[in-house]
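# Close look at the chain arrangement
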Amino acid sequence: MPTIRVRLNPLFSLLFFGCSIFNFYVYGVTHAGMQAALGVMMGLAGVAYAFGTSFVVDSHGVMVKNPFGMTLKTHVYESPHDLEVRGNTLWVTTTDGQRKKAGGLIASGTDMRALASAIADARAKTPR
């Protein structure tokens, strides 16, 4: 199975940029330094969500990441038959038999469709 990077949903990036613009507007009206600081933080979060990764799937596991790129969890699986995509959620059956979830609302729909296609291809090539 090829390594596939599932990006964060770009709508969240737009939401953070919108909050940043609103905070700078409030700063312009009130001149409260806290609003400028919040505007900067929201802008940085918008950049992180614009270029960040939700999770990465490779031939051995699923690495769940935060918006800044650090790996938070790794779910190890044995074969592509242990992966299932439902909507924007990837369900992983780990080597110890537990079902773990990755993605969801925060994952890019375009990347999830590409992942589902890659999983289907890998399943066709791999015997159960």
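I will try to describe carefully the structure that is included in this document. Just so it is clear, the model here is predicted, and its values are computed rather than measured.

### Notes on the sheet that holds strand S2 (residues 53-57)
- As summarised here, the arrangement of the four strands in space is S1-S2-S3-S4, forming an open sheet in which the pairing is antiparallel. Here the strands that pair on one side only, and so sit at the sheet edges, are strand S1 (4-7) and strand S4 (71-76). Neighbour to neighbour, the strand axes of the sheet diverge by 15° on average, direction disregarded.
- When S1 meets S2, the two strands line up antiparallel, connected through four bridges. By the bridge assignment for S2, Ile 4 is matched with Val 57.
- Contacts from helix H3 (residues 109-125) reach S1 and S2 within the one sheet, and its direction differs from that of S1 by about 155°.

### Overview of the packing of aromatic side chains
- Scanning the entire structure with this criterion turns up two aromatic pairs.
- Summarising the aromatic geometry, the rings of Phe 12 and Tyr 49 are spaced 6.3 Å apart at their centres and angled 40° between planes, so their arrangement reads as tilted. Within this pair, whereas Phe 12 is found in helix H1 (residues 10-30), its partner Tyr 49 is found in helix H2 (residues 33-51), the two being separated by 37 residues in sequence.
- Since its relative accessible area comes to 23%, Phe 12 is described here as partly exposed.
- What makes Tyr 49 buried here is its relative accessible area of 15%.
- Where Phe 16 meets Tyr 49, the ring centres are 5.0 Å apart and the plane angle is 45°; that geometry is what we call tilted. Here Phe 16 is found in helix H1, whereas its partner Tyr 49 is found in helix H2, with 33 residues between them in sequence.

### Description of the sheet that holds strand S5 (residues 83-86)
- Strand order in the open sheet formed by three strands is S5-S6-S7, and the pairing between neighbours is antiparallel. Two strands in the sheet have a free side with no partner beyond their single neighbour: S5 and strand S7 (99-103). On average, each strand axis in the sheet is tilted by 25° relative to the strand beside it, whichever way the strands run.
- With respect to the sheet, H3 is in contact with S5 and strand S6 (89-93), its orientation differing from that of S5 by roughly 145°.

### Things to note about the environment of Gly 52
- Assignment of secondary structure puts Gly 52 in the loop between H2 and S2.
- Judged by relative accessible area, which is 5%, Gly 52 ranks as buried.
- Separated by 34 residues in sequence, Gly 52 and Arg 86 place their C-alpha atoms 22 Å apart.
- Discounting residues that sit within four places of it in the chain, Gly 52 has contacts with Arg 5, Arg 7, Leu 8 and Pro 67.

### Brief notes about the pattern of salt bridges
- In this structure the tally under the stated criterion is three salt bridges.
- Within the structure, one salt-bridge network assembled from shared partners comprises Glu 84, Arg 86 and Arg 99.

### Focus: the pairing of S2
- Of all the five residues making up S2, five are buried; the element is thus mostly covered by neighbouring parts of the structure.
- Examined bridge by bridge, S2 and strand S3 (residues 61-65) share three bridges and lie antiparallel to one another. Residue pairing for S3: Val 56 is matched across the bridge by Met 63.
- Between S2 and S3, which pair antiparallel in sequence order, lie three residues.

What counts and what doesn't
Residues numbered from 1 in each chain as written. Predicted model: local features only at pLDDT ≥ 70, side-chain atom pairs only at ≥ 80, totals over all residues. Heavy atoms only, no water. Pairing = 2+ DSSP bridges. Helix = DSSP H or I, 4+ residues; strand = E, 2+ residues; numbered from the N terminus. Axes fitted to C-alpha atoms, helices over the stretch in contact; angles between N-to-C directions. Contact = heavy atoms within 4.5 Å. Phe/Tyr/Trp six-rings, centres within 6.5 Å; stacked < 30°, edge-to-face > 60°. Buried < 20%, exposed > 50% of the residue type's maximum accessible area, 1.4 Å probe, protein only. Salt bridge = Lys/Arg side-chain N within 4 Å of Asp/Glu carboxyl O.

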